[in-house]
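Listed below are the residues making up each chain.
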Protein chains: 2
Amino acid sequence: MHSFRLGLVGIGKIARDQHLPAIAGNDRFALAAIASRHGRVDGVPNYPDTAAMIAGTELDAVSFCTPPEGRHALARIAIEAGKHVMLEKPPAATLSEIEALADLARARNVTLFTSWHSREAAGVGPARNWLSNREIKAVRIDWREDIRRWHPGQEWILAAGGFGVFDPGINALSIATAILPAPLFVEAATMDVPMGRAGPLAAELQLRCGDAKGRASFDFLQTGPQTWDIEVDTDAGTLRLSLGGSVLQLPGEAECTAADQEYPRLYARFAELLATGGSDVDVRPMRLVADAFLLAERREIEPFEF
Amino acid sequence: MHSFRLGLVGIGKIARDQHLPAIAGNDRFALAAIASRHGRVDGVPNYPDTAAMIAGTELDAVSFCTPPEGRHALARIAIEAGKHVMLEKPPAATLSEIEALADLARARNVTLFTSWHSREAAGVGPARNWLSNREIKAVRIDWREDIRRWHPGQEWILAAGGFGVFDPGINALSIATAILPAPLFVEAATMDVPMGRAGPLAAELQLRCGDAKGRASFDFLQTGPQTWDIEVDTDAGTLRLSLGGSVLQLPGEAECTAADQEYPRLYARFAELLATGGSDVDVRPMRLVADAFLLAERREIEPFEF
C-alpha cells in the first residue's frame, strides 16, 4: 500500500506529544521532513521553514501545528505547491483566512482538513448517533480548567487573537456542533477579561439549538478536579459526555469509556480524505467563538499573572 | 409582466425612507402586505407580525428591515413557508444565523438575498471593473461620521450585538470586498469602547489584501464634514471612492458622480434573483467584522452619552 510522504511543520509540545507518535503509528504516512525554527527531529531532513521543506523534499501532504497566527500564510505556500494540508485547531487566526484556504484548496484540487481533535474522543461518535433522532430539550456545557496547569506561562493565550478561555472552549464547541442534530447558535455572551489582557479568563454563553435553550460556562481558574462536560437533555433522557468527550453516559446505561485515540484517529481520517480526494473544512466551532466575541458584554476583572 | 407580491416587515425609518419608495418605483414588485408592531402603511393589509402576514395574504417574497437581532427567527418563518427573502444589512445578529438561513433557503429552494446597500452606490461597479486587472499596492478606508447626527438616541448601537462603529463601518467593508480583486483580511484591530458600553465608538484595523497592506479607520465622533472614503493604490495609480461610494475618482480622470439609486438597485437585483431562481448570500463584510472582534485589543475610553 502506498504511503503518503508527510511534512510536519511546527515542532513544539503538541507535535512531540501527539502528532509524531500518531504519524509513526499510521502506516499510511511516512514522515519525510519537518520544518521548525527551533525544534529538531532525528532521522528526517530538518528545515527552517515550510518553503524550504517543500523545495527540499518530495512531499504529498503537510500537517501544520504552528500557532494559528501565521498559519494561513504557511498553509497557502503548501497548497499553492499542490500539497494536501491538515491544520491543528483552530485552523487559522480568523474566519476569513480559513475561507481563503478552503477556496484555494478547491482551486488547486488538493485536500484540506481542518482538524478538531476533541471530535475524535471516544464518546463523540456514539453520542452523535444516539442524539441523531432525539428531540433536544436543553444543552449544558461546562468546560473549566486550570490555565496555570495546562498553559503554564503561555501569555499569548490571553493576548489579542489568543482566544483566552475559548482556546479550550472551542474544543467543547467542536464536540457540540458534531453531536447535536440541529444548528447551534450563540444568543448572548459575557466575558471576564483581566485588566491589561485582551482574552477572557471566563465566559458564559447563552445558546440555542433548534428551538431548545442551552448554555456554556468556560472558566480558566478551576483548580482541583477539572471539568470538561457536555449534557444534553432529550425526549429520551439526558446524555452526558465527560472528560472532554472520552466518557459517555447514556440514560439508564453504564458509563462507557475508552483509551485516548484522538490523534491516531485524526491521522486516519486525513489518510481517508487523501485516499478519496475529499476535503473536510468545518468552521462552525470557530464561527461560534467569533459570534460570541461579536455579541459579548465584557467585564473587566482583576489583573491575572501566570 | 408578472409582478412579485411582496411583504415588508419592519416599518421604521429605513423602510419609509428607502424600502417603500424603492418598491413603489419597481413594477416587478407589488407591495401586498406589511408587518410591523407599531408602524402602519395605508393601502395594504397591515399585520402585527410575520407569521400573521404570511397566513393572511398570498405572498411570493418577504423583505425584512427589522433590527438584526431577531431577524433570523422571522426570516426562518418566511423561508419555511416557501417565501423568497431579502434581508437588510447586516443580514442577522451572528454569522451562524446567516449560514443557517442559507442552508434552509437551499433546502426549501427559495431565493435568499443578503443585501448590502452601499454596494449599489454609483461608483462601486465602475471601481470593481477598473480594479479587476490591477495590482493592489495599498488599501485605505476612512469611515468617520457623527453618531449623534445619524443615530440620535440609538442606544442599541453601542450595546452588545449593536456593532458600535462597525454599524456604518460594515458598509465600507461591503464595498471593499466587492471592489478588491483579492481576498481581504483583518490582521489586527484596536477598539475604543466607552466605559459602560459594549460597542466600540472607534476602531482601527490593520488589513491585508492579497500581499498588499491596508488599514481602516472607523470613528463615530467626527463632527463637521463627514468622511466615507476608500482609496486603493495600484500599479496604475490611486483609485478614490468618496461619499460612501457615490463619487469615483480614477487616476488622471475627472470625478464621476451620480444620483443615489442604492435601494432601487437593491430591489432590481432582488427581482433579477427571483426571475432566475438564484440566491446571493455574501457574508464577507460581517465575517471581517467578526474577525476584528476576535482579534481586537480594547481600550476603555470615557463614558459616552448621546
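Residues numbered from 1 in each chain as written. Chains lettered and ligands numbered in written order. Predicted model: local features only at pLDDT ≥ 70, side-chain atom pairs only at ≥ 80, totals over all residues. Heavy atoms only, no water.

K.L.:
What exactly am I supposed to notice about empty space enclosed by the protein here?
P.N.:
Where empty space is left in the structure can be found by rolling a water-sized probe over the atoms. Tallying each qualifying case throughout the model produces three cavities of 30 Å³ or more. Along its surface, the largest cavity is lined by L95(A), E99(A), V283(A), R287(A), L95(B), E99(B), V283(B) and R287(B). Looking at the lining of the largest cavity, the elements with two or more residues in it are α4 (95-108) of chain A together with α4 (95-108) of chain B. In terms of residue class, the lining of the largest cavity is built from four nonpolar, no polar and four charged. (1 Å grid on protein atoms, 1.4 Å probe; cavity = no way out; pocket = protein on both sides within 12 Å on 5 of 7 lines; lining within 4 Å. Points joined across faces, edges and corners; volume = space filled by probe spheres on them. Helix = DSSP H or I, 4+ residues; strand = E, 2+ residues; numbered from the N terminus. Nonpolar A, V, L, I, M, F, W, Y, C, P; charged D, E, K, R; others polar.)

K.L.:
I would appreciate a short explanation of the side chain of D219(A) in the present structure.
P.N.:
Residue and element names in this part refer to chain A. Relative to the helices and strands, D219 is located in strand β10 (residues 212-219). For D219, a relative accessible area of 19% translates into the label buried. In this structure, D219 is in contact with W143, R144, E145, V165, L201 and A202, ignoring residues within four places of it in sequence. (Buried < 20%, exposed > 50% of the residue type's maximum accessible area, 1.4 Å probe, protein only. Contact = heavy atoms within 4.5 Å.)

K.L.:
Before we go on, may I ask you to explain the pattern of salt bridges in this structure?
P.N.:
When the charged atoms of two side chains with opposite charge come close together, those side chains can pair. This structure, assessed with the given rule, holds 50 salt bridges over all chains. Among the ionic pairs, R76(A) bridges to E80(A), the shortest N-O distance being 3.5 Å. Separated by four residues within a single helix, R76(A) and E80(A) lie in helix α3 (residues 71-80), roughly one turn from each other. By relative accessible area, which is 37% here, E80(A) ends up partly exposed. Between E99(B) and R287(A) there is a salt bridge, and its shortest N-O distance comes to 3.8 Å. Note that E99(B) is positioned in helix α4 and R287(A) in helix α9 (residues 284-295), a pairing that runs across two chains. Ionic contacts of the salt-bridge type, sharing partners, join the residues R140(A), D229(A), E231(A), D233(A) and R240(A) into one network. (Salt bridge = Lys/Arg side-chain N within 4 Å of Asp/Glu carboxyl O.)

K.L.:
Would you mind going over the packing of helix α3 (residues 71-80) of chain B against α4(B) with me for this structure?
P.N.:
Two quantities define a packed helix pair, namely the angle between the axes and the distance from one axis to the other. Residue and element names in this part refer to chain B. Following both chains from N to C, one finds α3 and α4 inclined at 5°, their axes separated by 10 Å at the closest point. Here α3 is positioned roughly parallel relative to α4, judged by the angle of their axes. Here α3 contributes H72, A75, R76, I79 and E80 to the contact with α4, which in turn contributes E97, A100, L101, L104, A105 and R108. Its residues placed into classes, the contact of α3 with α4 shows six nonpolar, one polar and four charged. (Axes fitted to C-alpha atoms, helices over the stretch in contact; angles between N-to-C directions. Parallel < 35°, antiparallel > 145°, perpendicular 65-115°, else oblique.)

K.L.:
What am I meant to see in the environment of G210(A) here?
P.N.:
Tracing the backbone through its elements, the reader meets G210(A) in the loop between β9 (202-209) and β10. By relative accessible area, G210(A) is classed as buried at 16%. With 57 residues separating them in the primary sequence, G210(A) and G153(A) have C-alpha atoms 40 Å apart. Those residues within four positions of G210(A) in sequence are excluded, and the remaining contacts are A182(A), P183(A) and R76(B).

K.L.:
When you look at the interface of chain A and chain B in this model, what are you seeing that I'm missing?
P.N.:
One frequently used descriptor of interface size is the decrease in accessible area upon assembly of the parts. Of the residues lining the interface, 31 residues belong to chain A; the matching set on chain B comes to 31 residues. In this assembly, chain A packs against chain B so that about 2600 Å² is buried in total across both faces, 60% of it on carbon and sulfur atoms. Considering only the side of chain A, the residues that lose the most area to chain B are S96(A), F185(A) and L294(A), jointly responsible for 23% of the buried surface there. Across the chain A-chain B interface, the total number found is six salt bridges. Broken down by secondary-structure element, the contributors of at least two residues to the side of chain A that touches chain B are α3, α4, β8 (184-194), α9 and β15 (296-301) of chain A. Here the residues of the side of chain A that touches chain B sort into 17 nonpolar, five polar and nine charged. (Buried area = accessible area lost by both parts, 1.4 Å probe.)

K.L.:
Mind showing me how you'd approach the confidence of the model for chain A here?
P.N.:
Detailed reading of the predicted coordinates is not advisable wherever pLDDT is low. For chain A, mean pLDDT is 97; residues scoring 70 or higher make up 99% of the total. Interface predicted TM-score (ipTM) for the complex: 0.96; the corresponding pTM is 0.97. (pLDDT = per-residue confidence, 0-100.)

K.L.:
Would you take a moment to explain the pairing of strand β2 (residues 29-35) of chain B for this structure?
P.N.:
Within a regular strand, the side chains alternate between the two sheet faces. All names here are of chain B. Burial runs high along β2: five of the seven residues are buried. Taken together, the six bridges between strand β1 (residues 4-9) and β2 define a ladder with parallel strand orientation. Counted as the bridge partner of R5 is A30 from β2. In this view, the connection linking β1 to its parallel neighbour β2 by way of helix α1 (residues 13-24) has right-handed handedness. Judged from the two bridges that link them, β2 and strand β3 (residues 46-47) form a sheet pairing that is parallel. Bridging across to β3, I34 finds its partner in N46. (Pairing = 2+ DSSP bridges. Right-handed = clockwise from strand over helix to strand, strands pointing away.)

K.L.:
Quick question: what am I supposed to make of the relation of the copies chain A and chain B here?
P.N.:
The two chain copies are connected by a rotation around an axis plus a translation along it. With an RMSD of 0.0 Å, chain A superimposes on chain B once it is rotated by 180° and translated 0.0 Å along the axis. Look at the turn and shift together and you get a two-fold axis relating the two. (Least-squares fit on C-alpha atoms with pLDDT ≥ 70 in both.)

K.L.:
Any chance you could explain α4(B) here in plain terms?
P.N.:
Side chains that are three or four residues apart share a direction in an α-helix, a result of its 3.6 residues per turn. Residues and elements named next belong to chain B. The first and last C-alpha atoms of α4 sit 20 Å apart over 14 residues, in line with the 20 Å expected at 1.5 Å per residue. If you check which residues of α4 are buried, you get L95, S96, E97, I98, A100, L101, A102, L104 and A105. Once α4 finishes, N109 follows within two positions and takes phi at roughly 60°, a positive value. (Expected span 1.5 Å × (residues − 1).)

K.L.:
Looking at this structure, how should I read the sheet that holds strand β14 (residues 256-257) of chain B?
P.N.:
Strand pairing in a sheet relies on backbone hydrogen bonds. The paired strands run either parallel or antiparallel. Residues and elements named next belong to chain B. Taken together, nine strands build an open sheet; the order of strands is β14-β13-β12-β11-β7-β10-β9-β8-β15 and the sheet is mixed. Each edge of the open sheet carries a strand with a single partner, namely β14 and β15 (296-301). Sheet analysis places strand β8 (residues 184-194) next to strand β9 (residues 202-209), joined by eight bridges and oriented antiparallel. Bridge assignment links T190 to a residue of β9, and that residue is E204.

K.L.:
Explanation requested: the sheet that holds strand β5 (residues 84-87) of chain A in the structure shown.
P.N.:
Residues and elements named next belong to chain A. Read from one edge to the other, the open sheet built from six strands follows the order β3-β2-β1-β4-β5-β6, with strand pairing classed as parallel. Among the strands making up the open sheet, the edge pair consists of β3 (46-47) and β6 (112-114). Running at roughly 175° to strand β1 (residues 4-9), helix α1 (residues 13-24) makes contact with β1, β2 (29-35), β4 (61-64) and β5 of the sheet.

K.L.:
Help me out: how do you make sense of helix α9 (residues 284-295) of chain B in this one?
P.N.:
Residue and element names in this part refer to chain B. Its 12 residues place the ends of α9 16 Å apart at the C-alpha level, agreeing with the 16 Å of an ideal helix rising 1.5 Å per residue. Burial of α9 is extensive: 11 of the 12 residues sit out of reach of the surface. Within α9 the residues assigned to the buried category are P285, M286, R287, L288, V289, A290, D291, A292, F293, L294 and L295.

K.L.:
Help me understand the packing of aromatic side chains, please; the structure alone is not making it clear to me.
P.N.:
For any pair of aromatic rings, the description rests on two quantities: the centre-to-centre distance and the angle between the ring planes. Per the counting criterion, the structure on display carries 16 aromatic pairs over all chains. Here F166(B) and F218(B) contribute two aromatic rings whose centre-to-centre distance is 5.3 Å and whose plane-to-plane angle is 85°, an arrangement assigned as edge-to-face. Within this pair, whereas F166(B) is found in helix α7 (residues 166-179), its partner F218(B) is found in strand β10 (residues 212-219), the two being separated by 52 residues in sequence. Of the two residues, F166(B) and F218(B), neither departs from the other in class, the shared state being buried. The rings of F4(A), F29(A), F113(A), Y267(A) and F270(A) are connected pair by pair, giving a single aromatic cluster. Here the basic side chain of R134(A) rests over the ring of W130(A), its NZ or CZ set 4.1 Å away from the ring centre. (Phe/Tyr/Trp six-rings, centres within 6.5 Å; stacked < 30°, edge-to-face > 60°. Lys NZ or Arg CZ within 6 Å of the ring centre and 35° of its normal.)

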